[in-house]
Amino acid sequence: MIDLIDVSKSYGPGLPAVNHANLHIDKGEFVFVVGNSGSGKTTLIKLLMKELDSTSGQIIVSGERLEGMKHRRVAKYRVVNRPTRVIRKRVPEVLQEVGLAVKYKSFPDELSGGEQQRVALARALVNSPDILLADEPTGNLDPKTSREIMKLLEEINARGTTVLVVTHDQAIVNTMKKRVIRMQKGIITEDEKESGYIG
Ligand code: ADP
Ligand code: MG
């Protein structure tokens, strides 16, 4: 599903933000990406979304090389959207499942951070994208809301979506027992399958 072969990304002189990364993620996996601030996690996610181009190496997503991929193709692989009428019908149902039915009609500005995350994830539940990339989805949320968001991500994963989540939340990583990739100064220094321990 996702392959990185000797991928580096430099923004300028000095150490690359992502430094000779090699990574293989199978279809249907749930993977956490952890590491200190500045270790290259967001850069890795942006490379996978083709928001950034790598400086060297190869990135292959769903059998296609991202280098040289046309922009229109990228939009297609990020989220394959269902027709709008299906979303209109299904989003309220899914929101009810995740406890947000009442607020669906409010303006996005009136939704709390956790609610906005849930709306975004409800959309992912409806769309069933091949891959969901989430960069610190529980960033400023309280522990209870964070657990709910993670439950939703698990649900999306259980429905077949490959999920990659950047997080700082060590408690969640330790309890969820998923594959954990650690980055340090641009380098993937650990890749533990379902150890769930990032001590
Ligand atoms: P993380 O998400 O793990 O905090 P980032 O991928 O945001 O790490 O950043 C990795 C490194 O790249 C850091 O040293 C950061 O300062 C640098 N960096 C990130 N974005 C840019 C940018 N647009 N221009 C220059 N340097 C950047
Ligand atoms: Mg970041």
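The coordinates are above.
Keep in mind that this is a model prediction, so the values were computed, not measured.

Criteria and cut-off values
Starting afresh in each chain, residues are numbered from 1 along the sequence in its written order. Each chain is given a letter, starting from A, and each ligand a number, starting from 1, according to the order in which they appear as written. Reporting of local features is limited, given that this is a predicted model, to residues whose pLDDT is at least 70; pairs of side-chain atoms are given and counted only at 80 or more, and all residues count toward the totals for whole chains, interfaces and linings. Side-chain descriptors were evaluated using all non-hydrogen atoms of the structure, hydrogens and water having been removed beforehand. Numbering of helices and strands runs from the N terminus, with a helix taken as a DSSP run of H or I at least four residues long and a strand as a DSSP run of E at least two residues long. Contact definition: two residues touch when any of their heavy atoms are within 4.5 Å. For every accessible area listed, the method is Shrake-Rupley and the probe measures 1.4 Å; residues are considered covered only by the protein chains on display. Criterion used throughout: strands pair if DSSP finds at least two bridges between them. One heavy atom within 4 Å of a molecule or strand makes the whole residue count as near it. Polar contacts here mean pairs of N or O atoms no more than 3.5 Å apart (in protein, one a potential hydrogen donor and the other a potential acceptor; neighbouring residues in sequence count only if both atoms are side-chain atoms). For this document, the term salt bridge refers to a Lys or Arg side-chain nitrogen within 4 Å of an Asp or Glu carboxyl oxygen. Each residue is placed in one exposure class: buried if its accessible area under a 1.4 Å probe, protein chains only, is under 20% of its type's maximum, exposed if it is over 50%, and partly exposed if it falls in between. For this analysis, a nonpolar core means a set of buried residues of the types Ala, Val, Leu, Ile, Met, Phe, Trp, Tyr and Cys, connected via side-chain atoms within 4.5 Å. Orientation is described by lines fitted to C-alpha atoms, with helices fitted over the stretch in contact, and by angles between N-to-C directions that extend from 0 to 180 degrees. Here roughly perpendicular refers to angles of 65 to 115 degrees, roughly parallel to angles under 35, roughly antiparallel to angles over 145, and oblique to all remaining angles. Take the number of residues in a helix, subtract one, and multiply by 1.5 Å to get its expected span.

A. The overall build of the protein, seen in detail. For the protein, the count of helices and strands is six helices and nine strands. The contacts of the protein with a sequence gap of at least 6 include a subset with a gap of at least 24, amounting to 64%. Put simply, the protein shows about 10,800 Å² of open surface, and 50% of that area lies on carbon and sulfur atoms.

B. A look at the sheet that holds strand β5 (residues 64–65). A sheet is described by the order of its strands in space; here four strands give the open sequence β2-β1-β4-β5, paired in antiparallel fashion. Two strands bound the open sheet, and with one partner strand each, they are β2 (18–25) and β5.

C. Molecular detail of the site of ligand 1. By nearness alone, every residue bordering ligand 1 is listed as Tyr11, Ala17, Asn36, Ser37, Gly38, Ser39, Gly40, Lys41, Thr42 and Thr43. Serine 39 has a polar backbone atom sitting 3.1 Å from an oxygen atom of ligand 1. At 2.8 Å, a side-chain N or O of threonine 42 approaches an oxygen atom of ligand 1. When ligand 1 sits alone it has 560 Å² of accessible area, and the protein chains cover 54% of it.

D. Quick peek at the pattern of salt bridges. Inspection of the entire model under this criterion finds eight salt bridges. Here arginine 179 and glutamate 29 are joined by a salt bridge, their closest N and O atoms 3.0 Å apart. One end of the pair, arginine 179, is in strand β8 (residues 179–184); the other, glutamate 29, is in the loop between β2 and β3 (30–34), and 150 residues separate them in sequence. Judged by relative accessible area, glutamate 29 falls into the buried class, the value being 13%.

E. A look at the nonpolar core. Judged by nonpolar contacts, the single largest core of 26 residues is most densely connected at Ile2, Leu4, Leu48, Ile59 and Leu164. Elements that contribute at least two residues to this core include exactly β1 (2–9), β2, β3, α1 (41–48), β4 (56–61), β7 (162–166) and β8. Ranked by size, the runner-up nonpolar core spans 19 residues in total, among them Val34, Leu132, Ile149 and Val173.

F. Fine view of α1. Among the eight residues in α1, six count as buried, and that is most of the element. Those residues of α1 not exposed but buried are Lys41, Thr43, Leu44, Ile45, Leu47 and Leu48.

G. Inspection of the sheet that holds β3 at higher detail. Sheet architecture is open: five strands sit in the order β6-β7-β3-β8-β9, paired in mixed fashion. Of all strands in the sheet, those with a lone pairing partner are β6 (131–135) and β9 (187–192), marking the two edges. Pairwise comparison of adjacent strand axes, ignoring direction, gives a mean angle of 15° for this sheet. In the packing of helix α5 (residues 143–158) onto the sheet, contacts are made with β3, β6 and β7, and the angle to β7 comes to roughly 155°.

H. View of the packing of helix α4 (residues 113–127) against α5. For the pair α4 and α5, the least separation of the axes is 10 Å and the interaxial angle reads 5°. With respect to α5, the element α4 is oriented roughly parallel. Here Gly114, Gln117, Arg118, Leu121, Ala124 and Leu125 of α4 lie close against α5, whose contacting residues are Thr145, Glu148, Ile149, Leu152, Leu153, Glu155 and Ile156.

I. Spotlight on α4. Helix length check: α4 (15 residues) gives 21 Å between terminal C-alpha atoms against 21 Å at 1.5 Å per residue, within 8%. All of the buried residues along α4 are Gly114, Glu115, Arg118, Leu121, Ala122, Ala124, Leu125, Val126 and Asn127.

J. Expanded view of the environment of methionine 183. You can see methionine 183 is positioned in strand β8. Between the C-alpha atoms of methionine 183 and leucine 44, which are 139 residues apart in sequence, the distance is 9.8 Å. If sequence neighbours within four positions are ignored, methionine 183 has contacts with Val18, Val33, Val34, Gly35, Asn36, Ser39, Gly40, Lys41, Leu44 and Ile188.

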